[in-house]
Protein chains: 2
Amino acid sequence: MIENNKNQIILAIDTYGADGGESVVIDGCDYIANQLNVFFIFVGNKSLIIPLIKKSKNLKSYNIINTLDYIEANAKGSDALRSGKESSMRIAVDLVKKDKADAVISAGNTGALLAISYIVLRTIEGISRPAMTAYFPTMKGETAMLDLGANIECDSKNLIDFALMGSAFSRIILKSSNPSVGLLNVGEESQKGNSVIQDASALLKNLNNKINYYGFVEGNDIAEGNVDVIITDGFSGNIALKTAEGTAKLVTFLLESSFKSSIFSKIGYLLSKNGLKKMKDRVDPRKYNGAVLLGLNGIVVKSHGNTDPLGFSNAVKVGYEMVRGNFIEDLKRNITK
Amino acid sequence: MIENNKNQIILAIDTYGADGGESVVIDGCDYIANQLNVFFIFVGNKSLIIPLIKKSKNLKSYNIINTLDYIEANAKGSDALRSGKESSMRIAVDLVKKDKADAVISAGNTGALLAISYIVLRTIEGISRPAMTAYFPTMKGETAMLDLGANIECDSKNLIDFALMGSAFSRIILKSSNPSVGLLNVGEESQKGNSVIQDASALLKNLNNKINYYGFVEGNDIAEGNVDVIITDGFSGNIALKTAEGTAKLVTFLLESSFKSSIFSKIGYLLSKNGLKKMKDRVDPRKYNGAVLLGLNGIVVKSHGNTDPLGFSNAVKVGYEMVRGNFIEDLKRNITK
């Protein structure tokens, strides 16, 4: 164990929760460690963690907190809160609360991570609800979207908070200098949508010193990349996210079947392989792994459970960049009182 | 002009509204006419319609109702209702109301078509609200989804109606013998979603003599084709539909760019062309053109405005099949009193 050098960013890593086990988590950290000035605190089963670290190439700055308790994949958030106090997830979040870590990364149960983070870290003053946020490939680059499922029902104040948080996220993670914000709706005409959306749109227009509000956007604008940030309630955001994932899978599946359809297309496939790899790389979900729970007094990153080391490493990188870019300070400066 | 033979299905065609003008509509009808036992009533500008019919190959059973009035693309539904009584759309819907046509097909203003159809035709007894319905390609075949935007907010009764209507639609258009129905949600676990969804799910479980209820589905299940029918409110349905369209466009766009990336992939593209064409055909939006407004005392089909003759012909075919399959009778038999 090596003592933390004060310039390092400290990341608390919940080593449970990945479908592929601890090796996904530790190998993911190993993969990215030499690109970041980072100190890891691994929280989990020490006897499983140590052999993996021994095999690693780049893991030199770290600490281990041993616990055998963890949150089950199907546990309810409320149960995780009550009975999971010695769980790896809870201990990792507590480290952020106690200022012993700058951010927490977990591939565990989403509902439990939401509940624990919300209760332990609490929202920043002026923000009512945290929101799950991620970014996606588009025709023009990358677009951030929130909320992706933390809040099934939202009021207009929540949507305004999401606009502020999404703008700060876009500045820090996507390097947008003046991120445009679109409000997801069923049409671009001003009279479309329900009263919450109508109210939110009116409020956003009045916040033009803080938010670069574009107006309403539609589902197709997500992939077209017409704005830097898309805000919506967690129900629609989750539907859109999963619909996009399913559609990308369908088109890729049909593409692969089509290459098997004749001897010519099989040869064509071999010749196009490098080009196709570029396309697949561009939409590789591992490169977009790591949804951030924004609006809390601490950085919380949720990795997909079924990711691999490359995917987990991206979640680690997102957490690192959020700390390095001072997300919380950026957001606090812009909160409407 | 030829008199209608009584065995023919009579379709009222609004000839205004397609971005490409009357030729899209008339050529679309011409394209499909010899495959169907159909009599067309074209409603629109006679002096533009006649030359197009003269050029056509298969248009022999038809009538023309001349009107120069039409609904503007950006007109509000309420305005279209008040001032559009001599419009081609209104006259075409009125023909269905007066039993002079079996179905109406229009590529015009969606909001106006919804408003006019709802007021003129009214819903079938037992159905509270009509729903916009279409079907999409999936990994396993085709899946129907409703509502796609007619009802921004829905209660649980609306969702039950959608399940009944979607099941009848699936039986008739997609030839499913016992269509499974999934309720779109943000997770498959029983406690997920808001109270409307929870109530709807409980009600659907009790209707197992009429509805083959599968349970909750998520956004990715749309493209994966895990159920025959997906029901949701019009806000989420519209977001999902447009997100899927945008994502398919993005993946195809990236694919085409990747083929231009080297001389090898250009040659590969030429060799794979037939295979790729199969893939593109499979997701060709023209083959899925034609959303049906279900639940009214009459069949109303909305074509995309920006489609071409092939796309319009599919909307015509959907209208025809809905009549031929006795959709309204099928639905009435299954309505819960």
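No experiment lies behind these values; they were computed from the predicted model shown.

Undergrad: Run through the overall build of chain A, naming residues and quoting values.
TA: Helix and strand content of chain A: twelve helices and eleven strands. Expected size for 337 residues packed as a compact globule is a radius of gyration near 20 Å; at 21 Å, chain A falls within 12% of this value. C-alpha atoms of chain A, sized along the principal axes, occupy 65 × 60 × 35 Å. Relative to its 337 residues, chain A shows a buried fraction of 60%. Across chain A, the mean location of the 39 positive side-chain charges is 5 Å away from that of the 35 negative side-chain charges.

Undergrad: Residue-level account of the packing of aromatic side chains, with values.
TA: Residues and elements named next belong to chain A. Scanning the model with the defined rule gives ten aromatic pairs over all chains in all. Between Y135 and F169, the aromatic rings sit 6.4 Å apart at their centres with planes inclined by 45°, giving tilted as the arrangement. Here the residue Y135 occupies a position in strand β5 (residues 131-137), and F169 occupies one in helix α6 (residues 156-173), the gap between them amounting to 34 residues. Per residue, the accessibility class of Y135 equals that of F169, and both read buried. Positioned above the aromatic ring of Y118, the side-chain terminus of R129 is 5.0 Å from the ring centre.

Undergrad: If you had to explain the interface of chain B and chain A to someone new, which residues and values would you point to?
TA: Of the residues lining the interface, 54 residues belong to chain B; the matching set on chain A comes to 54 residues. Buried area between chain B and chain A, both sides added, is near 4600 Å², and the carbon and sulfur share of it is 76%. Our enumeration of links across chain B and chain A arrives at four salt bridges. Put simply, K242(A) and E218(B) hold a salt bridge, and the shortest N to O gap is 2.2 Å. Viewed at the interface, chain A and chain B are joined by eight residue pairs in polar contact (both at pLDDT 80 or more).

Undergrad: Now, about the side chain of S176(A): what can you tell me, with residues and values included?
TA: Residue and element names in this part refer to chain A. Relative to the assigned elements, S176 resides in the loop between α6 and β7 (180-184). Looking at S176, its side chain comes within polar contact range of the side chain of S170, at 2.6 Å. Leave out the neighbours within four places in its chain, and S176 touches S170, R171 and D228.

Undergrad: Mind laying out the domain arrangement of chain A, listing which residues take part and the relevant values?
TA: All names here are of chain A. Annotation of chain A at the domain level lists domain 1 (1-127 + 295-328) and domain 2 (129-287). When each unit is reduced to the centre of its C-alpha atoms, the spacing between domain 1 and domain 2 is 26 Å. Contacts between the two partners involve 21 residues from domain 1 and, on the opposite side, 16 residues from domain 2. Here domain 1 meets domain 2 over a buried area of about 1500 Å², counting both sides, of which 70% is carbon and sulfur. When the buried area of domain 1 at its contact with domain 2 is split by residue, L114, I127 and F327 rank highest and sum to 31% of it.

Undergrad: Break down the sheet that holds strand β6 (residues 142-146) of chain B for me, with residues and values.
TA: Residues and elements named next belong to chain B. In space, the eleven strands of this open sheet follow the order β3-β2-β1-β4-β11-β10-β5-β6-β9-β7-β8, with mixed pairing throughout. Strands with a single pairing partner mark the edges of an open sheet, and in this sheet they are β3 (62-66) and β8 (212-217). The sheet shows a mean angle of 25° between the axes of neighbouring strands, taken without regard to direction. Pairing of strand β1 (residues 9-14) with strand β4 (residues 103-106), which is carried by three bridges, proceeds in the parallel orientation. Paired with A12 across the strands is V104, a residue of β4. Most of the contacts of helix α1 (residues 22-33) go to strand β2 (residues 38-44), to which it runs at about 175°, and overall it touches β1 and β2.

Rules behind the numbers
- Residues numbered from 1 in each chain as written.
- Chains lettered and ligands numbered in written order.
- Predicted model: local features only at pLDDT ≥ 70, side-chain atom pairs only at ≥ 80, totals over all residues.
- Heavy atoms only, no water.
- Helix = DSSP H or I, 4+ residues; strand = E, 2+ residues; numbered from the N terminus.
- Rg over C-alpha atoms; globule rule 2.2 N^0.38 Å.
- Buried < 20%, exposed > 50% of the residue type's maximum accessible area, 1.4 Å probe, protein only.
- Lys, Arg positive; Asp, Glu negative; His and termini not counted.
- Charge placed at Lys NZ, Arg CZ, Asp CG, Glu CD.
- Phe/Tyr/Trp six-rings, centres within 6.5 Å; stacked < 30°, edge-to-face > 60°.
- Lys NZ or Arg CZ within 6 Å of the ring centre and 35° of its normal.
- Contact = heavy atoms within 4.5 Å.
- Buried area = accessible area lost by both parts, 1.4 Å probe.
- Salt bridge = Lys/Arg side-chain N within 4 Å of Asp/Glu carboxyl O.
- Polar contact = N/O pair within 3.5 Å; in protein donor to acceptor, adjacent residues only side chain to side chain.
- Domains from an automatic or database assignment.
- Pairing = 2+ DSSP bridges.
- Axes fitted to C-alpha atoms, helices over the stretch in contact; angles between N-to-C directions.

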